[in-house]
Structure formats: structure tokens, C-alpha cells
Amino acid sequence: MQPVEPFLHTPRIAYFTMEIALRSEIPTYAGGLGVLAGDTMRTAADMDMPMVAVSLVSRAGYFQQSIDNEGQQLESPQAWDPAQWATKVEAMIAVDLGSRVVWVGGWLYIMQSQTGGRQPVILLDTDLSENSAEDRTITHYLYGGDERYRFKQEAILGIGGLRMLQALGFEIRQYHLNEGHSALLGIELLRRYAFPAEDLRAGESAYDIPRVREVCNFTTHTPIEAGHDKFSYELVEEVIDDIIDKPVLHRLGGEDRLNMTLLALNLSEYVNGVAKRHAEVSSKMFPGYRVRSVTNGVHPATWTHESFAKLYDTHLAGWCHEPEILVRADHAISHDALWQAHLDAKQTLIDYLSQHSNQQFDPTVATLGFARRMTAYKRPDLLFTDLDRLKAMTKAFPLQLVIAGKAHPRDEVGKALIKEIHNVAKNLNDDIRMVFLPDYNMDLAKLLIAGVDVWLNTPLRPLEASGTSGMKATFNGVPNLSILDGWWVEGCVEGITGWAIGDGPEGSNIGDALALYDKLEQVVLPLYYQDRSGWIDVMKGAIAKNASYFNSHRMMRRYAAEAYIR
Ligand SMILES: *Cc1c(COP(=O)(O)O)cnc(C)c1O
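The structure presented is a predicted model; accordingly, all values stated were derived computationally and were not measured. (Residues numbered from 1 in each chain as written. Predicted model: local features only at pLDDT ≥ 70, side-chain atom pairs only at ≥ 80, totals over all residues. Heavy atoms only, no water.)

Details of the nonpolar core
Quick reminder of the rule: For the purposes of this section, nonpolar cores are sets of buried Ala, Val, Leu, Ile, Met, Phe, Trp, Tyr and Cys residues that join through side-chain atoms within 4.5 Å. Buried, partly exposed and exposed residues are distinguished by accessible area as a fraction of the type maximum, computed with a 1.4 Å probe on protein chains only: under 20%, between the cut-offs, and over 50%, respectively. Secondary structure elements follow DSSP: runs of H or I of four or more residues count as helices, runs of E of two or more count as strands, with numbering from the N terminus. Boundaries between domains were set according to an automatic or database domain assignment. Contact criterion: two residues are considered in contact whenever any of their non-hydrogen atoms come within 4.5 Å of each other.
Among the nonpolar cores identified, the biggest contains 88 residues, and L383, F384 and L448 are the most heavily contacted of them. Considering each element in turn, this core owes the most residues, 8 residues, to helix α20 (residues 509-530). Each of two domains, domain 1 (12-196 + 204-296 + 556-564) and domain 2 (300-550), supplies a minimum of three residues to this core. Not counting the four nearest positions on each side in its chain, F384 is found in contact with L390, L401, I403, I421, V424, L428, M434 and Y517. The next biggest cluster of nonpolar side chains, apart from the first, holds 72 residues, and it includes V215, C216, A264 and V291.

Take a look at the structure:
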């Protein structure tokens, strides 16, 4: 029996994604996009919502990060063995790439819910003996290699993924493209739905574009131009020549270069951004397209520290399936019980830090956390703009810092930021305890986000599409201190759920740094040290007003009701 057999009897939503965070041990993700894909499937499993995810097996992972004494990021492969976690599927399909046939196999990973639900994830794999040595590596490195390598990966994902679903016998109701990487799936669908030539009148197109649009949904994830893949037609023709008529491809994907975002926009009836602000920004980027918004959410059980999960189990039963119940957290849970749960989570982090760094953190000192992909627009160095001012304020209000994040191997600015933080840490050590933890991943994220007192986010607005780590913080009663961008535009109730840094639609480095220092020194730290009960009120506000809303159950119910059913 095919391992996928139990999943073939119900028509499904096919969710295509270049990366997916299945679990910490499986390095098939790089950051928030992959974590969102994982949380999507975890929620589908909780809700028994019939879906199937399609991604690449990324056998060599993204990369393993270590930091040397100079603060240089060192990168090594993160090989994993799919056979340890997944089952080989009994199907193989072919895709013509660069005038060679590339065979594609796959692995079935089963996403399992604590409530018993199961949903399939197919991981495509070209590392087969039938393929040339070069082609065997196409699905090895997540976001690795050059443009040609990337385009081949996208062809395997979009074209190969669709063929694999068909070969395995899945019946698909709707397709959901998580970012533009898989947009070639739309091209493959056009081919599949093409009208036979004998039915066409002169001048009529063979391609049934409305029919493809009817089954495709596209979620765009970044307002940064460079984040949208574009490939020269020279490269496109070398790799996937004559897949459809060139004039049609150019009309759908752009005249000069193949723009994967444009292709996805033109072939999807339902298009959305990942927060209200992001949808507005995206609508301006893509005039003429209707971009709706479904604000992201995070998976409750995955991102809640066990001390909080126990509290919720006791006082707000059912919260994992219906996180809206958390709206009562402020009344249902006592101040003491909440603070104790937080101290437990903080101690877990402190124990980890004493084992994995030479720093002994103090549980009574206010602890700030910052961890995410290290890249320019996220500005991990904003807090260090004026070190003298930072040091001065910690005389009155002691502070500890935990930082983590990977820079893409080709992101030189991101790597320079890591180096800078490394140097700052040396410089600050007498005044502020500070640790940079290497190799940020899901497990580290959970430990860190739950264990700090304040979760910091300082992106240059409006470049943060959503951000999700701050949502994870809310499930652990950790207030956010963040630039008003992405989800925080919707989540921030000043002084009630956390605090905003700066105001207005556009930021500047100096202005935002000043606003950050002022808010820390005049509002956040005084409250932490001088009014513990008032502080716990904010923790409760974060849970009741934010965790009850910024969860992936609300997100998936919206996708189901507004995108998938139509
Ligand atoms: C949640 C998460 C992210 C996303 O964080 P943002 O704040 O949205 O940038 C990135 N990496 C890991 C490992 C995560 O768990």
C-alpha cells in the first residue's frame, strides 16, 4: 500500500512552499516563511482540515551557524536523513530541465496533531540514482547556489510538485502558493487545462487562464523588491524551454524578465498579504491587483512554554483548539500564578544560558530578547546606536540581552551586523550581560521567546510584512516592544499589550533609536522594576488581547472561509 493511501480519499488543498519548519531536527526552513508553513500544517492537522503540503527535501538543510572569536559567521551543511523522519513514496515523475530529464521522487512526512489529526507533507527529492551527479543536488541546499540552481529548484517545486501530486493520486480542490517560488505550478496547470487545438477558432488562446485562476491562491510575503524572484528569459528558456507559448509566458510573467510574483498574481484569483499594513503596501506595489489581507498567526501548542500551557489547561480548557478562549486570561488567571509561570520559563532560559555560554544571567534583572534572520532592514543593531546612553540607563535599571539569528551566507550586510553585535557584547560586558546564541532554530526560538521579559523588534518600516516571533511571545505573556510595523500595527494597544517604538508611517534610524531609548527608560523599565502588578497587567493584556487573535487557527479558518471555499 502506498504510504499516502490514507490521504487519497478526501479532496485536499495543496499548499506549495519552498521551505517548511516541520520540527527543529529537520532543517528544511530558513526563517519566518517556513515557520508559517509549518504552523499552517500543524493547524490543519489540529482542525482535520484536508490539506497536503509540497516542499523540497533540502537534504543539506539551510546551514548550521557558528560564530568565531572575531564574530565571523561560519557556515556548514546541516545534512539530515529523510528516512529517519519520513517514508519514501512509491512514485517518481520526470521534469525536463535544460534538455535533460530530471527524475523526482518524494518523501511523506506526516504532520501529527496532539489531538490525533494527521496531514501529509510531500518533500520532493532529486537525489536518485537515475539522475546525473549535478541534478541529484538540485533539492539539496535551501536557498543555496546561483540563479540557475534556484530556478531549477522552483521548477521542481512548481512543475514537479504538481506532477507528483497527480502521480500519487491526490485530488486537489485548490492550490495555495506560499510566496512566488512555486508560481510555475500555474504554468503547469495552464498546460494541463489547455483546450485541444481542434476546438479553437482562429486567434483563440489554447490556455484557460480563468480556470487556473479559479483554483489558485497566492500569499505574498515581502514588500522588499529584491525579495521577489526574477529570472532572465535566457535562463528560463535554457531550463524549461517550450513549456508554454512564449508570448503567453511573457504576458503573464513580465516582458523583460520572468517575475515570479507577477506570474503568481496573474494566475491567482485570491491574493493576500500577511498583515493589514502589508496588504496596503502590496496593493501600491502591484497596481491593478486586489490584494486582501489575512494577518498571520502562530500555532498555539507549538509556541507556548509548558508552564503557560499548564495554566491555560487548568483555567482556559480548550485553548489549543479555540485560542479565542484566551481572551479571558486576564480574569481567569491570578497575578501570582502568571508570574510564577513566567519565572519558570525564565529559569529554563537562564539554565540554558549557563550551560551554553559563559554568562550567568540573573533572574531578577529585566531581560530583553531579539532573534530573527539577521538582515539589514530588521536592524538588530538599532538598540546599540548610542552605547553611552544605553549604559547610562542601566545604572538605574539593570538590563540583560539575549540575541540570535542567522544571516544568509550571501548577505554581507547581515554578517557584518552579527560581527558588530559581537563587538558590542565585548564592549558592554561590564555594564550589561549580553549573549549571542548561535544557530537559531525552532527550539531555540521557543526557549528564548518564552524566557525573556520583553520581546524587541526594530525593523525599518514599512518593510516588515508581518513578523511572527512577537506573536509567539504573546502566548507566553511576554510583552512586545516594537516598531509599529507588520502585525504590531494591529496588535499594539499602548501600555496594555506592550509598547510601540516611534510613530508615523516611515522610520529613520536616529529617530527610532531615540524613541526606543525613551520608551525603555521612561516607560518599560520603570514599570518592570517599580510596579510589578502593573507589569503583570501588561503580560495579561498580551495574552488576552493578542494571543487570542494572532494564532494560526484564526488564520486558517479565514483562509478556509474566504480563499479555499469559492
Ligand atoms: C518565528 C521564527 C522566525 C520569524 O521571526 P520574525 O520575528 O517574524 O522575523 C524566524 N526563525 C525562527 C527559527 C522562528 O521560530
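After that view of the structure, there is still more to cover.
Things to note about the sheet that holds strand β19 (residues 480-483)
Here is the rule we go by: DSSP-based pairing: two strands are paired if at least 2 bridges between them are found. Geometry is summarised by axes, namely lines fitted to C-alpha atoms with helices restricted to the contacting stretch, and by angles between N-to-C directions that run from 0 to 180 degrees.
Taking strand neighbours across the sheet as the criterion, the 6 strands line up as β17-β16-β15-β18-β19-β20 in an open arrangement whose pairing is parallel. Two strands lie at the open edges of the sheet, namely β17 (433-437) and β20 (498-501), each paired on one side alone. For this sheet, the mean angle separating the axes of adjacent strands, direction not counted, is 20°.

Looking at the environment of M164
Assignment of secondary structure puts M164 in helix α4 (residues 147-168). Residue M164 is classed as buried on the basis of its relative accessible area, which comes to 0%. When the C-alpha atoms of M164 and R213 are compared, they prove to be 21 Å apart, with 49 residues separating the residues in sequence. Apart from residues no more than four positions distant in its own chain, M164 is found in contact with V89, A91, I93, V104, G105, G106, I122 and L124.

Concerning helix α22 (residues 552-564)
Owing to its 3.6 residues per turn, the α-helix brings residues three or four apart onto one side. For clarity, the cut-off: Given a helix with a known number of residues, its expected span is that number minus one, times 1.5 Å.
Taking 1.5 Å of rise per residue, the 13 residues of α22 would be expected to cover 18 Å, yet its terminal C-alpha atoms sit only 16 Å apart, more than 12% below that figure. All of the buried residues along α22 are S552, H553, R554, M555, M556, Y559, A560, A563 and Y564.

Describing the pattern of salt bridges
Where side chains of opposite charge bring their charged atoms close, a pairing between them can arise. We count it as follows: One speaks of a salt bridge when a side-chain nitrogen belonging to Lys or Arg is within 4 Å of a carboxyl oxygen belonging to Asp or Glu.
Tallying each qualifying case throughout the model produces 30 salt bridges. A salt bridge links E464 to K378; its shortest N-O distance comes to 3.0 Å. With E464 in the loop between β18 (454-457) and α18 (469-475) and K378 in the loop between β15 (366-371) and α15 (387-396), this residue pair connects regions lying 86 residues apart in the sequence. K378 carries the same exposure label as E464, and that label is buried.

Quick word on the site of the ligand
For clarity, the threshold we go by: In this text, near means that some heavy atom of the residue lies within 4 Å of the molecule or strand in question. As used in this structure description, the phrase polar contact means that two N or O atoms lie within 3.5 Å; if the pair is within protein, one of them must be able to donate a hydrogen and the other to accept it, and residues adjacent in sequence are counted only when both atoms belong to side chains. Only the protein chains shown count as cover for residues, and all accessible areas are computed by the Shrake-Rupley method using a 1.4 Å probe.
In the neighbourhood of the ligand, 14 residues make up the surrounding shell, with K378, G467, T468, S469 and K472 lying closest. One of the side-chain nitrogen or oxygen atoms of S469 is found 2.4 Å away from an oxygen atom of the ligand. Between the ligand and K472 there is a distance of 2.6 Å, counted from an oxygen atom to a side-chain nitrogen or oxygen. Taking 390 Å² as the accessible area of the ligand by itself, protein coverage stands at 96%. If you list the elements that add at least two residues to the shell around the ligand, you get α1 (32-47), α17 (442-451) and α18. Composition of the shell around the ligand by domain shows at least three residues from each of domain 1 (12-196 + 204-296 + 556-564) and domain 2 (300-550).

Here's the deal with the domain arrangement of the protein
Just so we agree on the cut-off: Two parts placed together each lose some accessible area under a 1.4 Å probe, and adding up what both lose gives the buried area.
The domain architecture assigned to the protein consists of domain 1 (12-196 + 204-296 + 556-564) and domain 2 (300-550). Computed from C-alpha coordinates alone, the two centres of domain 1 and domain 2 are separated by 31 Å. Taken together, the contact pairs 42 residues of domain 1 with 42 residues of domain 2. By the criterion of area lost to domain 2, the three top residues of domain 1 are S24, Q65 and R277, representing 17% of everything that side buries. Counting across the domain 1 and domain 2 interface gives 3 salt bridges. With its nearest N and O atoms 2.9 Å apart, the salt bridge here joins K415 to E75. Inspection of the domain 1/domain 2 interface yields 19 residue pairs in polar contact (both at pLDDT 80 or more).

Points about the environment of E90
Tracing the chain through its elements places E90 in the loop between β5 (87-88) and β6 (93-97). For E90, a relative accessible area of 56% corresponds to the exposed category. In this structure, the C-alpha to C-alpha distance between E90 and G105, residues 15 residues apart in sequence, is 8.0 Å. The contact partners of E90, leaving out residues within four places of it in the chain, are M1, Q2 and P3.

Let's talk about empty space enclosed by the protein
To be explicit about the condition: Put plainly, a pocket is an open set of points on a 1 Å grid over the protein atoms alone with protein on both sides within 12 Å along at least five of seven lines, a cavity is a set where a 1.4 Å probe fits but cannot get out, and a lining residue has an atom within 4 Å of a point. Grid points are joined across faces, edges and corners, and a volume is the space filled by probe spheres set on the points.
Under the counting rule described, the total for this entry stands at 4 cavities of 30 Å³ or more. Roughly 50 Å³ of volume is contained in the largest cavity. Every residue along the wall of the largest cavity is listed here: V236, E237, I240, D241, D242, I243, I244, K246 and L249. At the level of secondary structure, the elements contributing two or more residues to the lining of the largest cavity comprise α7 (233-240) and α8 (246-253). Sort the elements by how many residues they give to the lining of the largest cavity and α7 lands first, with 3 residues.

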